[in-house]
Amino acid sequence: MEVSGKPNLADYFPLFQIMDPQGIRRRTKLFCDTLLETLDGIITERLQLKSSSTAIKEKHDLLDSLLNISREEKNSELSIVDIKHMLLDLFIAGIDTTSKTLEWGMAELLRNPDKLSELKKELKEVEGQIQESDIHRLPYLQATVKEILRLHPPGPFLVPHKAESEVEIGGFTIPKNAQILVNNVWSMGRNGSIWKNPDRFELERFLASKIDLKGRDFELIPFGAGRRICPGLPLAHRMLHLILASLVQSFDWKLANGIQPNELDMTESFGLSLSKARPLLAIPCL
């Protein structure tokens, strides 16, 4: 994700595409090949397990379901190669973005102890460990996740686009096949004409609001909108609520090294995904 988000001279000067002067294409290929090799080993091991007469044949997970479709359903067009690349997409698109959003969320809550206390108070009303069915009746948790995604969208540029033909936009000529990154999601979340106090973490703004994350309210589209909206939205929505709530519900937290909330470094590091320039260091207490 870091390499893919770096400016590439070859995007501006097509003549450099073959030369790859910055080595971005070579490094990207190396990382992808390593991931594909790892996934190939996992799939091979699972196929051997399923064919073994002594081992438990079913793990009832995503990989098993995909392999069953590939092997058992007639006329299935899902090959092992398709499965491997599908898992690669899930890994690249789902791991980094979710973990970094949760890191931003914990950082904002630790930076605002009153918000953290209020969220913990709401979660105490849930009996036992929070479940997916509890999310709809936890408005403070929902507002917290929305505010985190407003300030720190996991994909600040969404996904790159490519111009199908030469076009002029705002006085600039965009050549055919040029890769385009549009700073719309991050900039809209910080726009003072859309949000009051845009740079402040004020989740209360969503408590009396019907704005959601599903691409229908264009002032808040961290997953995009329309037919090219992120297909992982339903999974990410569940994971963010459940993991954040579990972290807050299960532990009391404090910043490491005696750092005070107002001293926490919230500097951003831009790429295809939005990272903290300095990783969050927090200590859980039972």
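Residues numbered from 1 in each chain as written. Predicted model: local features only at pLDDT ≥ 70, side-chain atom pairs only at ≥ 80, totals over all residues. Heavy atoms only, no water.

### Topic: the packing of aromatic side chains
Scanning all chains against the criterion turns up two aromatic pairs. Each ring, one from Phe-251 and one from Trp-253, has its centre 5.8 Å from the other, and the planes form 70°; the classification is edge-to-face. Residue class for Phe-251 comes out partly exposed when judged on its relative accessible area of 28%. (Phe/Tyr/Trp six-rings, centres within 6.5 Å; stacked < 30°, edge-to-face > 60°. Buried < 20%, exposed > 50% of the residue type's maximum accessible area, 1.4 Å probe, protein only.)

### Some words on the confidence of the model for the protein
When pLDDT is low, close inspection of the predicted coordinates is not appropriate. Across the protein, pLDDT averages 89, with 97% of residues at or above 70. When mean pLDDT is compared element by element in the protein, helix α6 (residues 139–151) scores highest at 97, while helix α1 (residues 9–12) scores lowest at 77. (pLDDT = per-residue confidence, 0-100. Helix = DSSP H or I, 4+ residues; strand = E, 2+ residues; numbered from the N terminus.)

### Focus: the packing of helix α2 (residues 24–51) against helix α4 (residues 80–111)
The geometry of α2 relative to α4 is characterised by a closest axis approach of 10 Å and an angle of 125° between their N-to-C directions. In terms of orientation, α2 and α4 fall into the oblique class. When the axes of α2 and α4 are compared, the crossing they make is right-handed. Residue-level contacts link Leu-35, Leu-36, Leu-39, Asp-40, Ile-43 and Leu-47 of α2 to Ile-80, Ile-83, Lys-84, His-85, Leu-87, Leu-88, Phe-91 and Ile-92 of α4. When grouped by side-chain class, the residues that make up the contact of α2 with α4 number eleven nonpolar, one polar and two charged. (Axes fitted to C-alpha atoms, helices over the stretch in contact; angles between N-to-C directions. Parallel < 35°, antiparallel > 145°, perpendicular 65-115°, else oblique. Left-handed = near helix turned anticlockwise from the far one by under 90°. Contact = heavy atoms within 4.5 Å. Nonpolar A, V, L, I, M, F, W, Y, C, P; charged D, E, K, R; others polar.)

### Digging into a nonpolar patch on the surface
Nonpolar side chains collect at one region of the surface, where Met-1, Phe-91, Ile-92 and Ile-95 lie side by side and expose about 330 Å² of accessible area between them. By secondary structure assignment, the location of Phe-91 is in helix α4. Using a relative accessible area of 42% as the deciding quantity, one classes Phe-91 as partly exposed. (Patch = residues over 30% accessible without salt bridge, like charges linked within 9 Å, V, L, I, M, F, W, Y side chains within 5 Å. Areas by Shrake-Rupley, 256 points an atom, 1.4 Å probe, with all protein chains shown as cover. Salt bridge = Lys/Arg side-chain N within 4 Å of Asp/Glu carboxyl O.)

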